[in-house]
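Secondary and tertiary structure notes
Residues per chain, in single letters:
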Amino acid sequence: MRVLVVEDDPAIAETVRRVLTAEGWVVETVGDGLAGREEAATGGYDAIVLDIMLPGLNGYEVVRGLRAAAVWTPVLMLTAKDGEYDQADAFDLGADDYLTKPFSPVVLVARLRALVRRSAPERPTVLTAGGLTLDPAAHVARRDDVELPLTRREFALLEFLMRNRGVAVTKAQIVDSVWDVNYAGDENVVEVYISYLRKRIDAPFGTSSITTVRGIGYRLD
């Protein structure tokens, strides 16, 4: 899952990033409303964590602009303001949920999972590809009726491949979507994790579902 965090307090932004990255999610952070609105409109995120008090544009203006542009990515407002009228304003402008600082990391993760489950009707709740099934909300993957023991990174890689099944994706696309935005290592790490994933989802079942596309990358068939 890809999450955009729009927060001008570096300490809070880093805390949220660490919490969500620990869940295996890919997190992008920006520190002002203008950059947040631009990134949210073009980045293809599953959810947005949005502060209200931001430089450039405040959170209310950001979410209003996104909804006016028909960007329906679920938005969780994260703010120190806890008045009922502040909450009403956020919901009226198109926010999906509201969490007051200081917040519980456990609650933050649970709220985001709930938002993603309720949103994006064009995305199936459970992804399927042949005998493979993957439930992002429950964090469970199966081959036929056998649960697959995947690490967080392997799960995120399989989810990306299944969302793009039948499409050849490059190593760069995989790194951008599966690894943290701050990752600055070699793209060849993808080869290593593709190998891990094949050993988990294919080898024990005598099948082959991940194809190497020469000169491009990989495709889940």
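Residues numbered from 1 in each chain as written. Predicted model: local features only at pLDDT ≥ 70, side-chain atom pairs only at ≥ 80, totals over all residues. Heavy atoms only, no water.

An unreviewed UniProt entry lists the protein under the name DNA-binding response regulator, with Gordonia spumicola given as the organism.

This brings us to the packing of helix 1 (residues 10-22) against helix 5 (residues 105-118). Two numbers describe how helix 1 lies on helix 5: the axes approach to 10 Å, and their chain directions differ by 65°. Both helix 1 and helix 5 take part in a crossing whose hand is right-handed. Every residue of helix 5 that contacts helix 1 at Val16, Val19 and Leu20 is listed here: Pro105, Leu108, Val109 and Leu112. Split by residue class, the contact of helix 1 with helix 5 holds seven nonpolar, no polar and no charged. (Axes fitted to C-alpha atoms, helices over the stretch in contact; angles between N-to-C directions. Helix = DSSP H or I, 4+ residues; strand = E, 2+ residues; numbered from the N terminus. Left-handed = near helix turned anticlockwise from the far one by under 90°. Contact = heavy atoms within 4.5 Å. Nonpolar A, V, L, I, M, F, W, Y, C, P; charged D, E, K, R; others polar.)

The next thing to look at is the nonpolar core. Within the largest apolar cluster, 27 residues are counted, with the highest numbers of intra-cluster contacts made by Leu158 and Ile174. For this core, the elements supplying multiple residues, two or more each, are strand 6 (127-129), strand 7 (132-135), helix 6 (152-163), helix 7 (171-178), helix 8 (189-201) and strand 12 (217-220). Contact partners of Ile174, with chain neighbours within four places excluded, come to Leu157, Phe160, Val169, Trp179, Val190 and Tyr218. Counting residues in each nonpolar core, the second largest holds 19 residues, with Ala40, Tyr45, Leu57 and Val62 among its members. (Core = buried A, V, L, I, M, F, W, Y, C linked by side-chain atoms within 4.5 Å. Buried < 20%, exposed > 50% of the residue type's maximum accessible area, 1.4 Å probe, protein only.)

Attention now moves to the sheet that holds strand 7. Strand order in the open sheet made by the four strands is 6-7-8-9, with antiparallel pairing throughout. One side of each edge strand has no neighbouring strand; the edge strands of this open sheet are strand 6 and strand 9 (146-147). Two elements, strand 7 and strand 8 (residues 140-143), share four bridges in a ladder whose sense is antiparallel. Across the sheet, residue Asp135 finds its bridge partner in strand 8, namely Val140. Of the strands in this sheet, strand 6, strand 7 and strand 8 touch helix 6, which is tilted by about 110° from strand 7. (Pairing = 2+ DSSP bridges.)

Next up on the list: the packing of helix 6 against helix 8. Orientation of helix 6 relative to helix 8, taken along the N-to-C sense of each, is 85°, at an axis distance of 10 Å. Taken as axis vectors, helix 6 and helix 8 run roughly perpendicular relative to one another. Residues Arg153, Glu154, Leu157, Leu158 and Leu161 of helix 6 form the contact with helix 8, whose own contacting residues are Tyr193, Ile194, Tyr196, Leu197, Arg200 and Ile201. Considering only residue class, the contact of helix 6 with helix 8 consists of eight nonpolar, no polar and three charged. (Parallel < 35°, antiparallel > 145°, perpendicular 65-115°, else oblique.)

The five strands are arranged 2-1-3-4-5 in an open sheet whose pairing can be described as parallel. The sheet is open, and its two edges are formed by strand 2 (26-30) and strand 5 (97-100), each paired on a single side. On average, each strand axis in the sheet is inclined to that of its neighbour by 20°, with strand direction left out of account. Packed on one face of the sheet, helix 2 (residues 33-42) meets strand 1 (2-6), strand 2 and strand 3 (47-50) and runs near 165° to strand 1.

All right, on to helix 7 then. Lys171, Ile174, Val175, Ser177 and Val178 are the residues of helix 7 that are buried. Of the surrounding secondary structure, the elements contacted by the buried residues of helix 7 are strand 1, strand 2, helix 6, strand 10 (169-170), helix 8 and strand 12.

All right, on to the packing of aromatic side chains then. Using the criterion set out here, one finds one aromatic pair in the structure. Seen in terms of ring centroids, Tyr193 and Tyr196 are 5.1 Å apart; in terms of plane orientation they differ by 75°. Their pairing is edge-to-face. Within this pair, Tyr193 and its partner Tyr196 are both found in helix 8, separated by three residues, close to a single helical turn. Positioned over the ring face of Tyr45 is Arg2, at 4.7 Å from the centre of the ring. For the cation-ring pair, Arg143 lies above Phe205, with the distance from its terminal atom to the ring centre recorded as 5.9 Å. (Phe/Tyr/Trp six-rings, centres within 6.5 Å; stacked < 30°, edge-to-face > 60°. Lys NZ or Arg CZ within 6 Å of the ring centre and 35° of its normal.)

Another point: the pairing of strand 12. By the bridge criterion, two bridges tie strand 10 to strand 12 in an arrangement that is antiparallel. Opposite Thr170, over in strand 12, you have Gly217 as the bridge partner. Pairing geometry for strand 11 (residues 210-213) and strand 12, over four bridges, is antiparallel. Each bridged residue has a counterpart across the sheet, and for Thr211 the counterpart in strand 12 is Arg219. Taking the residues that link successive antiparallel strands as the turn, the strand 11-strand 12 hairpin has three residues, and the phi of Gly215 there is positive, at about 80°.

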